[in-house]
Every structure is written in structure tokens, then in C-alpha cells.
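# Close look at the chain arrangement
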Amino acid sequence: RSVLVTEQVPMGSAILDGTGIVLDADLSACRLLGTTREALVGSSLLGVVPHDQRADLSAQLRRVADQGASGLRVEFPIDRPDGSGARVELLVCVR
């Protein structure tokens, strides 16, 4: 039941490790990022972030992993595989 609910949310949801590797993602996250779940899981979220933004996002993800900083909100641009772009907001919740 929870899988059905999360897949209907208009926002994407993904589980990342402390380095930004995608461990799981729902269909909304895949649509937002313009990719499939199979391509997204196991890849780095940093791969969809423009090169000039990667160091900052990487540092913020490391801080969350090291300090358990729940509630971090980061807005950043992404580059989709089809060449289009979007701005996304990442809300980090540590469990």
C-alpha cells in the first residue's frame, strides 16, 4: 500500500546513500529526472547536476552523512538525458 501511495505523489522520492548514490527511487522521481528506475538506481545523483554545481551538492550530501543534518533543503538545476533541464528541490531526511 505505501508503494502505491508514494508512486502517486507529484514529487519524486528517492533514497540516497551518503555519497549521493541512488539506492531506490519512485516513478515520479524517474519522470522528473527523465530516466528509468533501472538507469537511476546505482547511479550518482550528481550525474544529473551541471558540472559547476556538483562540488557544492556533494559537500552538502557529505555534511548530511557525517552530521545527520535532517531537514536540509537544496534547490539545484538538473540536466535530463534528452537535453532538457529543470530545477528540483532536494529535502534530506536522515533515518
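The numbering scheme is per chain: residues are counted from 1 as the chain's sequence reads. Residue-level local features of this predicted model are given only where pLDDT is at least 70; pairs of side-chain atoms are given and counted only at 80 or more, and the full residue set underlies all totals for whole chains, interfaces and linings. With hydrogens and water set aside, each side-chain value is computed from the structure's full complement of heavy atoms.

### Thoughts on the environment of V22
What counts, and what does not: Helix and strand assignments come from DSSP, with helices taken as H or I runs of at least 4 residues and strands as E runs of at least 2, each series counted from the N terminus. Any pair of residues with heavy atoms lying within 4.5 Å of one another is described as a contacting pair.
Topologically, V22 is positioned in strand β2 (residues 22–25). Sequence separation between V22 and L40 is 18 residues, and the spatial gap between their C-alpha atoms is 6.6 Å. Not counting chain neighbours up to four residues away, the residues in contact with V22 comprise I15, L16, L40, V41, G42, S43 and L45.

### Brief notes about the pairing of strand β4 (residues 85–91)
To keep things clear, this is the line we draw: Only strands joined by at least two bridges in the DSSP assignment are considered to pair.
In this sheet, β4 lies alongside strand β3 (residues 73–79) in antiparallel orientation, the contact comprising seven bridges. Bridge pairing links F76 to V88 in β4. Turn length for the β3-β4 hairpin, with the two strands adjacent in sequence and antiparallel, is five residues, and the turn residue G83 shows positive phi of about 95°.

### A few points about helix α4 (residues 51–67)
Filter applied, for reference: By definition here, a helix of n residues has an expected span of 1.5 Å times n minus one. Here's how the labels work: a residue is buried when its accessible area is under 20% of the maximum for its type, exposed when over 50%, partly exposed in between, all with a 1.4 Å probe on protein chains only.
If you check α4, its first and last C-alpha atoms are 25 Å apart, about what 17 residues at 1.5 Å a residue would give, namely 24 Å. Looking at α4, one finds that the buried residues are L57, S58, Q60, L61 and V64. Contacts made by the buried residues of α4 are with β1 (14–16), β3 and β4. Two residues or fewer past α4, G68 is found with a positive phi of approximately 65°.

### Observations regarding the nonpolar core
Let me state the cut-off plainly: We call a set of buried residues a nonpolar core when its members are Ala, Val, Leu, Ile, Met, Phe, Trp, Tyr or Cys and they connect through side-chain atoms within 4.5 Å of each other.
If you look at the biggest cluster of nonpolar residues, it comprises 20 residues, and the most contacted ones within it are L45, L57, F76 and L90. Of all the elements in the fold, those that place two or more residues in this core are β2, α2 (27–33), α4, β3 and β4. For L57, the residues in contact, after removing those within four places along its chain, are L45, L46, V49, V74, F76 and L90.

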